[in-house]
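One letter stands for each residue in the lines below.
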Amino acid sequence: MDQPTPPAEPAADHRQHQMLERIAHVALRIGTTLAQSGASVRVVHEGARLVTSGLGAEVLGMRSGYASFEITVAMGPLTTTRMMQIGPHGVNHRLDFAVRDLAVRASQGGMTPEEISAELLRLVQETPRHPPWLVAVATGLACAAFGRLLGADWPSFVPTLLAAGLGQRIRHALLAHHTNVFVVAGIVGYFAAALGCIGARLAGSSTVELAMMASTLLLVPGVPSTNAQTDIMDGYPTMGSARAITVIMIMVFAVTGVWLAEFLLRIHA
């Protein structure tokens, strides 16, 4: 027996559904870019919501995981749910605030999903970054200054600066080759601590252990730690807990690297 042919979807509903798909896609891209730049969940959701409202749709729900972002949007009686993978979490405040500004402009209307996507792509590609050498120097100075605040003596200042700066260059090179972030923490912790210890000894420092610790302060994940607390307090315990566990794992690997450096250097002392 022949089955009845279902009625064809009206052309207007089909176009509206396509528009809804485009809105969901660009909202997801805004949200994932914010998450990858170091934004909290509240900021991620607000950015996606602003874009969606500016394009004439309504957000019915959002879910942020550590590795994915999901959104459900509606336009009239039509709804769609889409999910996008979140890449490696980093810290890029320039891009973060540039994308926030784009979301605000999109919320005011007058932009199409394609225009927003193109502008987002431009921001990702063209937002200026500090050169790696400058980041390494600034990181070394910061760690050496913190070492002084912690009680390290002046002879250990330059060795700490050099050890932390070289540690930052090693981290940058390893992350560029997509090395596991926890393994990177262990490797950098070992080399930075070892270089700080050897340099402080050669400089005649009496605070070698403090120099070792200060040389590895670049590994302390400050922004993820803050975001973990913020997310939990904002009512997103799942994401906050995931970030907190990531912070703990990074510190465990970093401490393991420092312990290994200390152990080996003492063996050959």
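This is a predicted model, so every value here is computed, not measured.

Peer 1: Describe in detail the overall build of the protein, supporting the description with residues and values.
Peer 2: Counting its secondary structure elements, the protein contains ten helices and three strands. If you list the helices and strands of the protein from N to C, you get α-α-β-β-β-α-α-α-α-α-α-α-α. In terms of overall dimensions, the protein has a C-alpha envelope of 90 × 45 × 35 Å along the principal axes. Within the protein, buried positions represent 42% of all 269 residues. Carbon together with sulfur atoms contributes 65% to the accessible area of the protein, which is approximately 14,500 Å² in total. One finds the centroid of the 18 positive side-chain charges in the protein at a distance of 9 Å from the centroid of its 18 negative side-chain charges.

Peer 1: Outline the side chain of S117, supporting the account with residue identities and numerical values.
Peer 2: On the secondary structure map, S117 appears in helix α4 (residues 113-126). We classify S117 as buried; its relative accessible area is 14%.

Peer 1: An account of the packing of aromatic side chains is needed here, citing residue identities and associated values.
Peer 2: Here the distance between the centres and the angle between the planes together describe a pair of aromatic rings. Scanning all chains against the criterion turns up four aromatic pairs. For the pair W154 and F157, a centre-to-centre distance of 5.4 Å together with 45 degrees between the ring planes defines the contact as tilted. Stacked on the ring of F97, the Lys or Arg R100 has its end atom at 4.6 Å from the ring centre.

Peer 1: I'd love a proper account of the sheet that holds strand β3 (residues 78-85), names of residues and values included.
Peer 2: One open sheet holds the three strands; their spatial order is β1-β2-β3, and the pairing between them is antiparallel. With partners counted over all chains shown, the strands left at the sheet margins are β1 (58-64) and β3, one partner each. For this sheet, the mean angle separating the axes of adjacent strands, direction not counted, is 15 degrees. Where β1 meets strand β2 (residues 68-75), six bridges bridge the pair, whose relative direction is antiparallel. Following the sheet pairing, R63 is matched in β2 by E70. Taken strand by strand, helix α2 (residues 41-54) contacts β1 and β2, and its axis lies near 155 degrees from that of β1.

Peer 1: If you had to explain unusual backbone geometry to someone new, which residues and values would you point to?
Peer 2: Its identity is not glycine, yet H178 carries a phi of approximately 60 degrees, on the positive side. By secondary structure assignment, the location of H178 is in the loop between α6 (157-176) and α7 (181-202). Here H178 falls in the exposed class, since its relative accessible area comes to 73%.

Peer 1: Outline the pairing of β2, listing residues and values.
Peer 2: Burial analysis of β2 places seven of its eight residues in the buried class, which makes it a mostly covered element. Direction of pairing for β2 relative to β3: antiparallel, over a ladder of eight bridges. The residue of β3 that forms the bridge with M75 is L78. Between the antiparallel neighbours β2 and β3 lie two residues, among them G76 with a positive phi of about 65 degrees.

What counts, and where the lines are drawn
- Residues numbered from 1 in each chain as written.
- Predicted model: local features only at pLDDT ≥ 70, side-chain atom pairs only at ≥ 80, totals over all residues.
- Heavy atoms only, no water.
- Helix = DSSP H or I, 4+ residues; strand = E, 2+ residues; numbered from the N terminus.
- Buried < 20%, exposed > 50% of the residue type's maximum accessible area, 1.4 Å probe, protein only.
- Areas by Shrake-Rupley, 256 points an atom, 1.4 Å probe, with all protein chains shown as cover.
- Lys, Arg positive; Asp, Glu negative; His and termini not counted.
- Charge placed at Lys NZ, Arg CZ, Asp CG, Glu CD.
- Phe/Tyr/Trp six-rings, centres within 6.5 Å; stacked < 30°, edge-to-face > 60°.
- Lys NZ or Arg CZ within 6 Å of the ring centre and 35° of its normal.
- Pairing = 2+ DSSP bridges.
- Axes fitted to C-alpha atoms, helices over the stretch in contact; angles between N-to-C directions.
- Contact = heavy atoms within 4.5 Å.

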